Structure formats: C-alpha cells, structure tokens
Amino acid sequence: MLKIRKVMRNRLAKFGLMVLGLFSIAAMDLSESNFNEYPVYEGKDLGLTYTVKSSAFKVWSPPVTQLLLRFYETGMGGKASKTIKMKKGPQGTWGAVVKGNLQGRYYTFQAQIDGKWMDEVPDPYAYAVGTNGKRAQVVDLKLTNPVGWDFDNRPALKNPTDIILYELHLRDLSTHPSSGITNKGKYLGLTEEKTRNPEGQFTGLEHLKELGITHVHLLPVFDYMSVDESRLDEPQFNWGYDPQNYNVPEGSYSSNPEDGATRIREFKQMVRALHNSGIRVVMDVVYNHTGVTDKSNFNQLVPGYYYRQNDKGGFSDASACGNETASERPMVRKFIIESVLHWVKEYHVDGFRFDLMGIHDIETMNQISKAVHAIDPSIFLYGEGWTAGASPLPDDQKAIKANVLKLDKIAAFSDDLRDAIRGHVFTHKEKGFVSGKAGLKESVKFGVVASTWHPEVDYSKVNYSKAAWANGPDQTISYASCHDNHTLWDRLAINNPMLLDEERIKMYRLAVTMVLTAQGVPFLHAGTEMVVTKKGEENSYNKPDEINQLDWTRKYQYKEMFDYVKGLIALRKAHPAFRMTSAAMIREHLKFIPSTEENLTGFILSNHANGDPWHTIAVIYNGSDQVHPVILPRAEWKVVGNGELIDVKNPPVIRNSGVLVPGNSALILYTTNAPGQSNAAEK
C-alpha cells in the first residue's frame, strides 16, 4: 500500500548511497537455507560491556574466519594504535576482553569472510560513536547522565487516547532567526526556557507547553548518514531516514559530534527538559532498512543475513530505499528488540513510531510490545501500516493496517481519514471533504469512530478500508498531515487555487477540528497551529532550512489559528467524551446525526460518555460552502465551538432544536442535562 510514501521511493537513491558495492557480495550464498543454519545467540551481552578495569567486546558473525578489533585515538583519520585478534565463541560469536580503562577510545571491527577482508565498521550494537559514525567509542554511560537524571520520570498518562502527538523535526524548531533560541538545530535548543519571537510570543519548548500537546514525536534522532558531521558550518538538511548506527544519537544535533559522550548527554538533557515540562518523547525509528546495503555495518559482518532477498537472490526493496530488513530472522528480531529497549532504559524514551511498519512481521512487533510494556505499560507504539513496495514477506505476516487487529497495543495511521479530509495524497488537485468533494461522508464517519466497528458506518463506502481494522480507538492515529507530502495549508492552496486565504482558513480550521474531535489518538504536524507551509514543496527531505524550518513570525500572523488549536486541545483534554477507551464505549455513546447532505455529517456523544461532566455533546462538520440547518435533540445547547473560536467560558446558548452550520466549518455544542429535560437549575 503506497498511500503516503510513494513520493519518497527515491529519497535515498538521491543520496547515491544504497547502490555502493551492491554486487560485491553477489557471489556469496545469500539463500534462506544457508541463513537458517546460522546459530542463534541467546545472550544479552552483544556489543561492548565496559568497566573501569576492562572492556569486553562481543560480535555475532557466524561466517567469519577471522575478526580483528582495531583501536584508534580519533574518530576519523589516523592509523590504528592497536589491533587485536578476536576469539571464536559460542553460537556464532567472536569476543575479546581488553584490560585497562578504555574510556574515550575509538574502535572498529574488520571481518575476513571467504578469504576476503571486509571493510572496517563500528559495532552494530555501538552505544557511542565519533564523527560521522565511522568508529564506535568506549563511553561510560553512567558519566553521561545529566544532573537529576536518576529522578527523571515520565509525565503521567492514564490512557493512550489521552495522547496528543506533535511531529517535529528537531532542527526545524530552532533554526529560524525568529525562534529566539540560542542552540539552533541542536538537542539543547529544545531545553531552552522562556524563548520568544520578535513579537514577544513563546517559541520552542515554552510554545509546546503553551499549546498543550502531550507527546513530541521526533523525526529520526538516531545516527544517520546524510549529514556530514565534519562540515556543520555548511548548510545541510535531511529528515534522517537513512540509518547508520541505530543505538546512537545523531551527532549533527550535538555541540560536539566527535565526542560520543556529548551527544548522549545532550540527548538526555533534552528528554529531561521535556519531561519536566509535562511532555513525553516519541522516537521515529527506521528499523525497516539501512542507509546503505552492501556497505552497511550489518553486511560487512554477516553478509545478507539482516536483509530479505527477492526470488532472484538480490536484495528485496519494500522500503524503496535499496533494501529491507528481515525482521523475522531471529538475530534481526533480537537486534531490533534490544535496540528499542536500550532507548527506553538508557534514554527514558516514552514511545516509538515505526517507519514503514508494514515491512516488519507481526510477531516481531508483538514481541517489541511485550518487552517495552513489561517495563512501562504506558509506552506508546505506532507506525505506518503499509510498505513502499512489494516484499517477499507474506501479507498475512506483515504489520500492515489490515493486520492491526493482530497487533498487541500497537496503533497505525489512518490514511482513510487523512485522505477523506484533504483529498487523495498523491492526486494533488483532488479535493477532500473540507473543500466540498462529495462521497467522503462514510470515510469521515469511519475516522470519527477510530477505524473500529460501528453499526452506523457503511463500510462499503469507506475510501480504502471495507471493514474495521482497529480493535479499539487506541490503535488509530487520526491526522490530516505529517512531514511527508504537502502541508495541509499547501495542499488546500493547490486544490483550491481560486479561493482567498480567508476562505481556505475556514477549510483549514475544519480539518484540524476533525482531527482533534475524532476518537482515537490525534496527531499534529509541527506548525499546524500557525499554518505551516513548505512553500509548495511536496518532498522536502533534503531541502534547505528555509523550506522546512518553523517561521515563528507566523505565530503572530496567525494568532487566531494558534488560539483556536490551543482551545481545541484544551477542550479535548478537559472532556473524556472525545477520548473514549474502547470500541464498545464508542458504540454505546456515539450516534451519528442523520443527514442527506453529501458534505455534512455530525455525531452526538451522550450520557456522560467516558465519565464526561457534560451530559451530551454534539459535533457537526460542514464541508460545503453553504450554510446548512441541522436538527438536534431539544435542549439548551451551549456553542463552545463555532468554526472560528473555542469559547468555553462564555458560550452562546441555543434554546431550540434547529442550528445553522456555516459553510466549511464545525460546530461543537453541549448540554449539561439530558435532552428534553429542564436546565432550570442552571439559571
């Protein structure tokens, strides 16, 4: 399924990375039967085990005939200061124990396979590296903990549906001159307090607190390939979906990429600052492929094993980036699980978004879930429920959207709702519900019930899914835009070119309202609250800061939009009716308002849904440009959302059953008594 990633098929091909040396291992036996003969190592000590008195190095590499451990004084350049022959150990491992305190020393491995010496590579399990990740580094992780780290705690979270996700590229937050942030493009930029734009409004961390989101979803912050850390004085930008060292923070976001301890410490400082601000941290992880194929750390030690092969014996490519990892193989599964656990234990990460999750097998994803939830049941897991190309992994084993029912405590993105709101993601001029396209009502309703089964949804008319694919609302991510493809504002400009900005703003507000009032877990692209634009660019993965960065002057320019989104978030957080926790609860308390209009739909949340203090809430979406009347149950309705502002303190009151819904807008109303009962007690 290619709903979201088609435009990124060649994102790494543009780097010219994954094709290097592609055929140099072609003569080796990369058959599944050969890999099945490899022993599986059961221990938990792969990589480096450091103490002040000695360091133990262990690598899993069954096909190796010799393995050398080389030490260096610097992260780049220079000759090896020491070379040690590693000894063959049990279950395909090789090991060496080196006496003395090796703190700060850099090291690599070099394998001899079938009589050929492979490239020197860092330890795949490395927790620290030097510049550009070419050499691992010995680091005492205890010395990287910032002050108070032992007392760092995750902010409280009762239910997954209480989450409000905010997807952010770390660099985008701070690089614009208006950010008021000193550590631009760095981990520490997200720790600075009380920063403001020229108009005096909060930016950065303070802005996130003010907005009210619960989780920051960080685009890749593991060590990736596409930014040269030795040239950080030159303009460089990349999203980072080209993994190099999975267990190491990206060096370009640190103040000193050469020192492995610095990036670790500053990453932890960022996490602690967010936690202290009541915000959890989600990592965008890319275990589905590596930035290069033949030259990857994996392939230089165990050629072919970590990747799936196609029927011709070459590398399969469901990632559209040159390769796909074979998560179903025992040692690949082991690596992914242990890597995720490392980020949870060492960095206190609170959740993970799995890039192209459909490439992974269901069993691996469920084992990840079991492992992290044994540590903390509130850790949140979700991913893209599709692939970017064909895979040899059978469909019934893929962690795709259609198989979410088989996933345990793992959510997926609802492209059903996304494309219903704004139009098909790759058909740029196609309109969506908010801009008047007919035939999308059932898709919108499907999004409202968070992809679960509801008797009032006609699944035959849903755009992509002809059946419920979520067990509960906690398995659906509701969104209208993300880092991929056009921003919501740019898309509305493309498919409504003749409209004035004030008309498009109405559609924009309606789209955001739909995301934040639907059941499920809402997801906002960074800058949504200030009408973010990428100047019409669709695939900005390597475009300059000027295209990707958050322009904080827009917070002032679109202050009313910021206030509206802030108000919606506060409304959602204050009213559990929008955050129901089970499909059964949704079916009991949510009923749709009958309407024959193509671009009009609404729903009633009744009987104190999920313990809400309001007895009944009505939400109506009007995607047409015409005013439409709607008949509600007779009650004294208070209008807290009129499509332009959220006003809970002084809402206007409607004392009859008929309401008029303005074009391209949403109404949100409530009554504290059951419809038909008197509200005299309140007067």
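Residues numbered from 1 in each chain as written. Predicted model: local features only at pLDDT ≥ 70, side-chain atom pairs only at ≥ 80, totals over all residues. Heavy atoms only, no water.

**Focus on the packing of helix α8 (residues 415–422) against helix α9 (residues 441–448)**
Across the interface, α8 lies against α9 with an axial gap of 8 Å and an inter-helix angle of 135°. When the axis of α8 is compared with that of α9, the two are oblique. Considering the relative orientation of α8 and α9, their crossing is left-handed. For the pair α8 and α9, the contacting residues are Asp416, Leu417 and Ala420 in the first and Ser443, Val444, Phe446 and Gly447 in the second. For the contact of α8 with α9, the per-class residue count stands at four nonpolar, two polar and one charged. (Axes fitted to C-alpha atoms, helices over the stretch in contact; angles between N-to-C directions. Helix = DSSP H or I, 4+ residues; strand = E, 2+ residues; numbered from the N terminus. Parallel < 35°, antiparallel > 145°, perpendicular 65-115°, else oblique. Left-handed = near helix turned anticlockwise from the far one by under 90°. Contact = heavy atoms within 4.5 Å. Nonpolar A, V, L, I, M, F, W, Y, C, P; charged D, E, K, R; others polar.)

**With respect to the pairing of strand β14 (residues 280–285)**
The buried fraction of β14 is high, at six of six residues. Across four bridges, the pairing between strand β11 (residues 215–218) and β14 is parallel. When the sheet's bridge partners are listed, valine 216 is paired in β14 with valine 281. Sheet topology places β14 next to strand β15 (residues 351–354); four bridges connect them, and they run parallel. Bridge pairing in β15 links aspartate 284 to arginine 353. (Buried < 20%, exposed > 50% of the residue type's maximum accessible area, 1.4 Å probe, protein only. Pairing = 2+ DSSP bridges.)

**Quick notes on the layout of surface pockets**
Reported here for the largest pocket is a volume of approximately 790 Å³. Along its surface, the largest pocket is lined by 34 residues, and Lys44, Leu46, Tyr127, Glu338 and His342 are the ones closest to its centre. When contributions to the lining of the largest pocket are tallied by element, the ones reaching two or more residues are β1 (47–50) and α6 (330–347). Element by element, the count of residues in the lining of the largest pocket is highest for α6, at 10 residues. (1 Å grid on protein atoms, 1.4 Å probe; cavity = no way out; pocket = protein on both sides within 12 Å on 5 of 7 lines; lining within 4 Å. Points joined across faces, edges and corners; volume = space filled by probe spheres on them.)

**Things to note about unusual backbone geometry**
Not every positive phi belongs to a glycine, and aspartate 114 is a case in point at roughly 50°. Position of aspartate 114 among the secondary structure elements: in the loop between β7 (106–113) and β8 (116–117). Positive phi outside glycine occurs at lysine 194, with the angle close to 60°.

**What to know about the sheet that holds strand β20 (residues 590–592)**
With antiparallel pairing, the six strands of this open sheet are ordered in space as β20-β21-β22-β27-β24-β25. Among the strands making up the open sheet, the edge pair consists of β20 and β25 (653–654). Two elements, β20 and strand β21 (residues 600–605), share three bridges in a ladder whose sense is antiparallel. Bridge pairing in β21 links lysine 591 to isoleucine 604. Against the sheet, α9 touches β20, β21 and β22 (616–622), its axis set at about 25° to β21.

**Description of the sheet that holds strand β5 (residues 87–88)**
Spatially, the four strands line up as an open sheet ordered β1-β2-β6-β5, and their pairing is antiparallel. Edge positions in the sheet fall to β1 and β5, since each of these pairs with one other strand and no more. Strand direction decides the pairing type here: β5 and strand β6 (residues 93–99), joined by two bridges, are antiparallel. Paired with lysine 87 across the bridge in β6 is glycine 95.

**Here we look at the packing of aromatic side chains**
The full count for this structure, using the stated rule, is 39 aromatic pairs. When the ring of tyrosine 246 is compared with that of phenylalanine 298, the centres are 6.2 Å apart and the planes differ by 20°; the resulting orientation is stacked. Remark: phenylalanine 298 occurs in helix α5 (residues 297–301) and tyrosine 246 occurs in strand β13 (residues 243–249); sequence separation between them is 52 residues. Considered together, tyrosine 246 and phenylalanine 298 belong to a single accessibility category, that of buried residues. Its guanidinium or amino end placed over the ring of tyrosine 72, arginine 135 lies 3.6 Å from that ring's centre, counting from NZ or CZ. A cation over an aromatic ring shows up here: arginine 504 above the ring of tryptophan 489, its NZ or CZ 5.7 Å from the ring centre. (Phe/Tyr/Trp six-rings, centres within 6.5 Å; stacked < 30°, edge-to-face > 60°. Lys NZ or Arg CZ within 6 Å of the ring centre and 35° of its normal.)

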